[in-house]
Each structure stands twice: as C-alpha cells, then as structure tokens.
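Each chain is listed here by its residues.
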Amino acid sequence: MELNYSTIYYFLKYNIYLLLLDTCSALTLTTLSKTIHGTVGKPLLLPVHYNFNTSTSGIQIIWLLERSNFLPIYLVNSMNQTVVHDLEFQHKFTLRPPDASLLIHSLNFADEGNYIVKVNIPGNTTISATQKIEVTVNVPVSKPIVQSQPSHEVVERVGNITFNCSVTNGNRVTFQWLKNGNPLQSSPRYTFTKNNATFIISPVMKDDVGNYSCSARNPVSEMESEAIAPTIYYGPYGLTVSSDKGHKVGGVFAVNIGESVQFDCSADSNPPITSEWIQRTDNTTLIINKGPYFKIFSYKGGEKTMDYLCRAYNNVTRKLDETQFTVIITSKDPEKLVQNENSLSPLAAITGVSLFLILCICLLFVWKRYQLHRAIHWKLQDRRRSSTEYRRTQIFSGHEDALNDFGIYEFVALPDPSASLRVPSSKSASVSNASQGQDTTCTVYEVIRHVPVQPQDNPQDNPQLQ
C-alpha cells in the first residue's frame, strides 16, 4: 500500500496538534485578548508573552492555524532562535524569537480561524504551555443609506412608517437607530428587526416628528447615515389667541376706546390651520371673518364688552379645535384693569381678617392662663406668711395707732373659707365676710405698701408717752 506525501504531511501535523494539548502549569502564556479583529488587506499582530527569561536557550515556539472543519495547519516554528517556515507561508508570517508574538503581513478571509501557539522550555523535564487566539477578518462598513416607506406623508394615529438601513460594503454589520442624534429607546410603538436593519413606527404620533438616521458598525469601523425627516400630519394642538395691542388677563382682552386691534389665532399643526372668527351675542353666533387674524376697528361709542370664538381646522387630519375670548372696550387704563384682576378678592380679605382674629383670641387665652398661674403662685406665698405678723396687727383696734394702719391693702378671697385671715379694721372685716358669702374666686391685686415717714414726737410735747 502506497501512501502519498500529502497524507503523511497532514498526519504529522495532526500529531503535533495532539502534543499541544499536553501542557504544563509551570509555564504560562498570556495574550491581550482571546479574540482579535483584523481588517482585510491590513497587517495584524498576535501578541503573546510568557513568564520565563527570554534569554533562555533552547526555547521552542510553534504556531498552528485551526480552521473550521479542517485539521490544524503548521505555520512557523523556531528552535534556539532559528525560525523555520512552512514554505507555503514563508512570506505570510513573521516570528522573532525569543518573542512568541506572530505578525500576519496582509490579512485575507482565508486567514480567519483559531491561531494556536505552543512554547516548550527544555530542562530536566520539558515544560510546555499552549494558548489559542481567535482572529476575524473584517471589511470596513461604507456610509449607510436610510429609506422610508411610505415615501409620502403620513397622518398621526392612522399611518405607519418603516425605515430601512443598508450598506454597500461591510461584514458583521449591526445597526443603531437615532432620532435627532440620540439613540432610540424601546417603545410599545417601535419594532426592530434582529440586526436593527429595519425599524417600524406603528402608529405614528406627533412626538415622532424629527430627524432619523442610522449608525452601521462592525468590529473595525463605524459610519452614520444622513438624516431624513418624514412628513407627519398632526394637530391642531395648543390653540391660542393673541393681540398686537391691549392687555390680556386669562381669556379677557382690555382695549382702550379708539384703538384698532388685530387678533391672531395660532396652533401647533401640520399643515397650518384654517381659522374662522365668530362673534357670540345672545345665544347666537355670527362668522365675521376667515383667516389667521381679524381686526377690531376704533369705536367712538362708550364702553362695551364682546365675546368671540376662534375655530381652527386641519384639512388633512380633519380635526377641529376652538377657543373663546372676551374683548372689553373701556376708557380706563388697561393696566389698572390688570391690577384689579390681580388684586385680592373680598373672600381672600375676609379669610385673612378671620385668621388674624383667631390668632388674637388664642394669644388672649394663653395670657389669661398665665395670669391665673401667677395668681395661684402669689396666693400660696401669702398663705406662708408668718402668723406673728398677723397677730401683731390684731392687737390694734384701728383707732389706737392710725399711722400704722395707713397704706394700700390687698383683699383676697381664698378658696378655703376656714383658712381666711381676720383683719382688725371694721372695713376689712366687712369685705372679708362678703368674700366668704360668695363663690370661691381668686382676684389678685398687686400690693404697693407705703407708709409715709412721720416726724418723731418729742416726749415732752406728748404727755401720754411720758
């Protein structure tokens, strides 16, 4: 049986591949990434580092290429810094030992696959380590193009829009949709295909108005398309009336007698609204003008109030909106009318006064409680007075020494009648009896005791003292 050289060649390569599986943990190979993306036609470096002194002699470095459904292919080998190429790839790869990194000069699609590197360190026992790097070959993407369906206008809440993004060149392309330069977020009305090449809005709303673009990218490049702005019909929204003169408060315009005023009706709408101006009097309406504005000319009469209505219509969306307003023709200064409108209402004034009165009542109640507390405090102090002072006052009848009785007295009704003190004078006694006959109350007067200084009598002038 004869064996051809091709069979022997692949048999040897396969055995080398099996040897690569037997690795030793004492030697470690490291790479920047498990996957490296290259660009077709450009060089690519596969960096590999190991944890041994690069000056060690006898280091062996082997590179293989493993493609899908094929046995590994021998690329290059170095031993004692001597490089041996496979003749088929001698101008394709560069290896500079003791550096284990491999340089691919010019990538093509046949260079895709898993690159396997094995490093052997000789010694008493040869130690080995293996590392695998996946290499992809990519074509840079071209500028994407966006198309929309339908190409004509769409009406909100009725129509749908489908956007398609495509590129002429590029592989492994993914797409990202942007609105006004910002990435689109998921929404119940948004539908994206698997790779985002197609984007659907259903149904279209006013909020979808804007500039749409798509970004195409792959591992080595990225490009963004020109923006397109689909035409969306919507509205009217936010109908308002404004004037070139006078003052507006809410829905009321105050205008001086003799002025000519122009009123405008505007709304957020596409296409622009068609307007009608209607005057309302006594439950009747009268169309007085058609168009975006109308004028009220000078009145020579007196003050007058008129009610109007602006009716807006979108001919495409077939939606209608209207707003009412009042015009007051007056001889007063419109600015004062505005101030009167902004002034406090009578109800607000009454509410303020009521709150003030309630606050005063609360303060008065607190003050009364405080005075009662002081009265009780003083009462307890009076009851602790020395009984000898009262006994000393009881030996006088009120007529024996009138000078000592002179002053200002304090009259107190105590809660306990049995504890009330006797007062020697008849006047104070009558007051004390009257206090006992009444309900137990407590009235306190601040006492000012003052006894005027009397001149000292000469004993010779007063015979009774001798």
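Residues numbered from 1 in each chain as written. Predicted model: local features only at pLDDT ≥ 70, side-chain atom pairs only at ≥ 80, totals over all residues. Heavy atoms only, no water.

Undergrad: Looking at this structure, I do not really get the state of the cysteines. What am I missing?
TA: Should the sulfur atoms of two cysteines be covalently bonded, the bond is a disulfide. Counting across every chain of the model gives 2 disulfides. Put simply, Cys-165 and Cys-214 are joined by a disulfide, and their sulfur atoms are 1.7 Å apart. Of the two residues, Cys-165 sits in strand β14 (residues 161–166) while Cys-214 sits in strand β19 (residues 212–218), which places them 49 residues apart along the sequence. Note that Cys-265 is cross-linked by a disulfide to Cys-310, the S-S spacing being 1.9 Å. Because the sign of the S-S torsion sets the handedness, a value of about -110° for the bond joining Cys-265 and Cys-310 places this disulfide among the left-handed ones. Remark: Cys-310 occurs in strand β28 (residues 304–314) and Cys-265 occurs in strand β24 (residues 261–270); sequence separation between them is 45 residues. Residues Cys-265 and Cys-310 agree in their burial class; the two are buried. For the unlinked cysteine Cys-362, the closest cysteine sulfur is that of Cys-360, found at 9.2 Å. The exposure class assigned to Cys-362 is partly exposed, which follows from its relative accessible area of 44%. (Disulfide = S-S within 2.5 Å. Helix = DSSP H or I, 4+ residues; strand = E, 2+ residues; numbered from the N terminus. Buried < 20%, exposed > 50% of the residue type's maximum accessible area, 1.4 Å probe, protein only.)

Undergrad: Explain the environment of Pro-230 to me, please; I cannot follow it from the model alone.
TA: Structurally, the position occupied by Pro-230 is in the loop between β20 (221–224) and β21 (232–243). Judged by relative accessible area, which is 16%, Pro-230 ranks as buried. The sequence separation of Pro-230 and Ser-148 amounts to 82 residues, and the corresponding C-alpha distance is 7.8 Å. For Pro-230, the contacting residues outside a window of four places in its chain are Ile-161, Phe-163, Gly-210 and Tyr-212. (Contact = heavy atoms within 4.5 Å.)

Undergrad: Please explain the pattern of salt bridges as it appears in this structure.
TA: One pass over the structure, following the stated rule, counts 10 salt bridges. Linking Lys-143 and Glu-226 is a salt bridge whose minimum nitrogen-to-oxygen distance equals 2.6 Å. One end of the pair, Lys-143, is in the loop between β11 (127–138) and β12 (145–149); the other, Glu-226, is in the loop between β20 and β21, and 83 residues separate them in sequence. Judged by its relative accessible area of 39%, Lys-143 is partly exposed. Look at Glu-226 and you get exposed, because its relative accessible area is 54%. (Salt bridge = Lys/Arg side-chain N within 4 Å of Asp/Glu carboxyl O.)

Undergrad: Just to check I follow, could you spell out the environment of Arg-157 for this structure?
TA: Position of Arg-157 relative to the elements: it lies in the loop between β13 (154–155) and β14. Of the residues examined, Arg-157 reaches a relative accessible area of 53% and is grouped as exposed. Arg-157 sits 77 residues away from Tyr-234 along the chain, and the two C-alpha atoms are 8.8 Å apart.

Undergrad: Quick question: what am I supposed to make of the sheet that holds β21 here?
TA: Pairing between the strands of a sheet comes from backbone hydrogen bonds, and it takes one of two forms, parallel or antiparallel. Pairing in this open sheet of 4 strands is mixed, and the strands run β13-β21-β24-β27 from one edge to the other. Strands at the two margins of the open sheet, each flanked by one partner only, are β13 and β27 (293–296). Bridging between β13 and β21 involves 2 bridges; their strand directions are parallel. In the sheet register, Val-154 faces β21, and the bridge partner there is Ile-232. (Pairing = 2+ DSSP bridges.)

Undergrad: Could you clarify how one ought to interpret the sheet that holds strand β16 (residues 182–183) in this entry?
TA: Spatially, 4 strands are ordered β16-β15-β19-β20 in an open sheet, and the strand pairing comes out antiparallel. Each having just a single partner strand, β16 and β20 make up the two edges of the open sheet. Judged from the 2 bridges that link them, strand β15 (residues 174–179) and β16 form a sheet pairing that is antiparallel. What sits directly across from Leu-178, in β16, is Pro-183.

Undergrad: What am I meant to see in the nonpolar core here?
TA: A general trend in soluble globular proteins is that nonpolar side chains are found buried together. Among the nonpolar cores identified, the biggest contains 30 residues, and Leu-46, Ile-61, Trp-63, Leu-75, Leu-102, Tyr-115 and Val-119 are the most heavily contacted of them. Taken together, the elements giving at least two residues each to this core come down to β3 (44–46), β5 (60–66), β6 (73–79), β8 (93–95), β9 (102–104), β10 (113–121) and β11. Other than its neighbours up to four places away in sequence, Ile-61 contacts Val-76, Asn-77, Ser-78, Leu-95, Pro-97, Pro-98, Asp-99, Ala-100, Val-117, Lys-118 and Val-119. (Core = buried A, V, L, I, M, F, W, Y, C linked by side-chain atoms within 4.5 Å.)

Undergrad: How should I be thinking about the side chain of Thr-317 in this particular structure?
TA: Tracing the sequence through the fold places Thr-317 in the loop between β28 and β29 (319–330). Exposure remark for Thr-317: the relative accessible area of 13% places this residue in the buried category. Separated by 2.8 Å, the side chain of Thr-317 and the backbone oxygen of Gly-235 make a polar contact. (Polar contact = N/O pair within 3.5 Å; in protein donor to acceptor, adjacent residues only side chain to side chain.)

Undergrad: What am I meant to see in a nonpolar patch on the surface here?
TA: Taken together, the side chains of Val-353, Phe-356 and Leu-357 make up a nonpolar region of the molecular surface, amounting to roughly 310 Å² of accessible area. Locating Leu-357 in the fold gives a position in helix α3 (residues 346–383). Judged by its relative accessible area of 49%, Leu-357 is partly exposed. (Patch = residues over 30% accessible without salt bridge, like charges linked within 9 Å, V, L, I, M, F, W, Y side chains within 5 Å. Areas by Shrake-Rupley, 256 points an atom, 1.4 Å probe, with all protein chains shown as cover.)

Undergrad: Any chance you could explain the packing of aromatic side chains here in plain terms?
TA: Each aromatic ring pair is summarised here by two numbers: the centre-to-centre distance and the angle between the ring planes. In total, this model carries 18 aromatic pairs according to the counting rule given. Taken together, a centroid distance of 5.5 Å and an interplanar angle of 35° make the contact between Phe-263 and Phe-325 tilted. You can see Phe-263 sitting in strand β24 and its partner Phe-325 sitting in strand β29, a full 62 residues away along the chain. Under the relative-accessibility criterion, Phe-325 is labelled buried at 4%. On the basis of an interplanar angle of 45° and a centroid distance of 4.8 Å, the ring pair of Trp-277 and Phe-294 is categorised as tilted. Taken together, the residues span a long stretch of sequence, with Trp-277 in strand β25 (residues 274–281) and Phe-294 in strand β27 at a distance of 17 residues. Put simply, the rings of Phe-163, Trp-177, Tyr-190, Phe-192, Phe-199 and Tyr-212 pair up and form one aromatic cluster. (Phe/Tyr/Trp six-rings, centres within 6.5 Å; stacked < 30°, edge-to-face > 60°.)

Undergrad: Hey, could you run me through unusual backbone geometry in this one?
TA: Most peptide bonds are trans, and most residues other than glycine sit at a negative phi. Cis peptide bonds are those with omega within 30 degrees of zero, and the linkage from Gly-235 to Pro-236 qualifies with 5°. Within the secondary structure layout, Pro-236 lies in strand β21. Each neighbour pair has its own omega, and for Asn-270 with Pro-271 the value is 0°, a cis peptide bond. In this fold, Pro-271 is placed in the loop between β24 and β25. A positive phi angle, near 65°, is found at Asn-69, a position not held by glycine. We classify Asn-69 as exposed; its relative accessible area is 79%. Here the phi dihedral of Arg-157 falls at roughly 65°; this positive angle occurs in a residue that is not glycine.

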